[in-house]
Amino acid sequence: MPVAVLPDFLPPELTLALVGAERHETTCEAAQMVWHAWGEVAAPTLVLLHGGSGSWTHWLRCIAPLRDAGWRVLVPDLPGFGDSDLPAGCTDVDHLPPHLHAGLQQLQAAGLCAGPVSVAGFSFGGMAGALWLAAHPQDATQLVLVGAPGMGMTVPDRIPLKGWRHLPTPEAQALVHRHNLMALMLHAPAALDDLALRLHTANVQRDRMPRRRLSSTDIVARTLPQLPARVSAIFGEHDALYRGRLPELATAMPAMARQWGGWQVVPGAGHWVQYEAAGLFVVALLDALGA
């Protein structure tokens, strides 16, 4: 198996936990997509889709526990992010389903994963997962949406994100990255540790799909009724995308899905719930997958 190279700034305990990481590449429309994989090939497959301006490292703290719980864990860099190519003409999430479908088919044909397949998508990755399984419902039996936008709900105050590419020094950029992490991704100041900052910095520098707009629409809400897959949802209690509106969302989502799995809120966590409260999140995700 091709061995994946992990970021060199990971804490030793995470590097050890992620030992055995594999790197695989799939191709669609002349664009290469990079996948990281852990676990036994014969185990049930769990595909984890990262958020916007991210990479597979959005799931860093959850991979080993999920592998140890008996899953074959596949974590791609979505097209236009991380190590994956940006396909020609790809400008938003609605261009991604063919690449995810082709990628999974190629991995299955190569004997690198076995069914049944489940998908968990964080934020932008939740939108990608919903659109993927609407276009190719045979690819997975369940979808877990984690902090997913595209539900047609807005919050009264715009999330105050700041630009950073124009800033002349890494130090100045880091101040903006810290601001943006606390404005959107994390809730507790203690969650913004050195690892979170370094992961975020490395990820945003490789975002080649900067003009995404569909997250502010109701694209997921309109797509969920089309899905035969069981749909569940996990959100951080303080998710900035839904500040003050989580109870409303909790009421609306079950009515949208043809097959509803369940709703869970992780207390004390923000939008990047699987990083900020990894232990509680993994328990919630395993519960959703086993429901």
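Scroll up to find the structure.
As the structure is a prediction and not an experimental result, all values here were calculated from the model.

Undergrad: Looking at this structure, how should I read the packing of helix α3 (residues 97-109) against helix α4 (residues 124-135)?
TA: Packed helix pairs are specified by the crossing angle of their axes together with the interaxial distance, meaning the distance between the axes. Viewed as axis vectors pointing N to C, α3 and α4 meet at an angle of 70°, and their least axial separation amounts to 9 Å. Accordingly, the angle class assigned to the pair α3 and α4 is roughly perpendicular. Residue-level contacts link Pro97, Leu100, His101 and Leu104 of α3 to Ala128, Leu131, Trp132 and Ala135 of α4. For the contact of α3 with α4, the residue count by class is seven nonpolar, one polar and no charged.

Undergrad: I would appreciate a short explanation of the pattern of salt bridges in the present structure.
TA: Should their charged atoms come close, side chains of opposite charge can pair. A complete count under the given rule lists nine salt bridges for this structure. Residue aspartate 83 pairs with arginine 206 through a salt bridge whose shortest N-O separation is 2.7 Å. In this pair, aspartate 83 is assigned in the loop between β4 (72-76) and α3 and arginine 206 in the loop between α6 (194-204) and α7 (219-223), connecting sequence segments 123 residues apart. A salt bridge links arginine 222 to aspartate 218, with the nearest nitrogen and oxygen atoms 2.7 Å apart. One network of salt bridges, in which partners are shared, links Arg23, Glu25, Asp83 and Arg206.

Undergrad: Just to check I follow, could you spell out the sheet that holds strand β2 (residues 31-38) for this structure?
TA: As a general point, the strands of a sheet are linked pairwise by backbone hydrogen bonds and lie either parallel or antiparallel. In space, the eight strands of this open sheet follow the order β1-β2-β4-β3-β5-β6-β7-β8, with mixed pairing throughout. Where the open sheet ends on each side, the last strands, each with one partner, are β1 (22-28) and β8 (260-266). The mean inter-strand angle of the sheet, taken between neighbouring strand axes irrespective of direction, is 20°. Here six bridges tie strand β3 (residues 44-49) to strand β5 (residues 114-122), and the two strands are oriented parallel to one another. Residue pairing in the sheet places leucine 46 in a bridge with serine 118 of β5.

Undergrad: I keep staring at the nonpolar core and nothing clicks. Help me out?
TA: Within soluble globular proteins, side chains that are nonpolar tend to cluster in buried spots. Judged by nonpolar contacts, the single largest core of 48 residues is most densely connected at Leu48, Trp59, Ile63, Leu186, Trp272 and Leu285. Examining the composition of this core, we find that six residues originate from one element, helix α10 (residues 278-290), more than from any other. Non-local contacts of leucine 48, meaning those with residues more than four positions away in its chain, are made with Trp59, Ile63, Leu66, Val73, Leu74, Val75, Pro76 and Ala120.

So, how was this worked out
- Residues numbered from 1 in each chain as written.
- Predicted model: local features only at pLDDT ≥ 70, side-chain atom pairs only at ≥ 80, totals over all residues.
- Heavy atoms only, no water.
- Axes fitted to C-alpha atoms, helices over the stretch in contact; angles between N-to-C directions.
- Helix = DSSP H or I, 4+ residues; strand = E, 2+ residues; numbered from the N terminus.
- Parallel < 35°, antiparallel > 145°, perpendicular 65-115°, else oblique.
- Contact = heavy atoms within 4.5 Å.
- Nonpolar A, V, L, I, M, F, W, Y, C, P; charged D, E, K, R; others polar.
- Salt bridge = Lys/Arg side-chain N within 4 Å of Asp/Glu carboxyl O.
- Pairing = 2+ DSSP bridges.
- Core = buried A, V, L, I, M, F, W, Y, C linked by side-chain atoms within 4.5 Å.
- Buried < 20%, exposed > 50% of the residue type's maximum accessible area, 1.4 Å probe, protein only.

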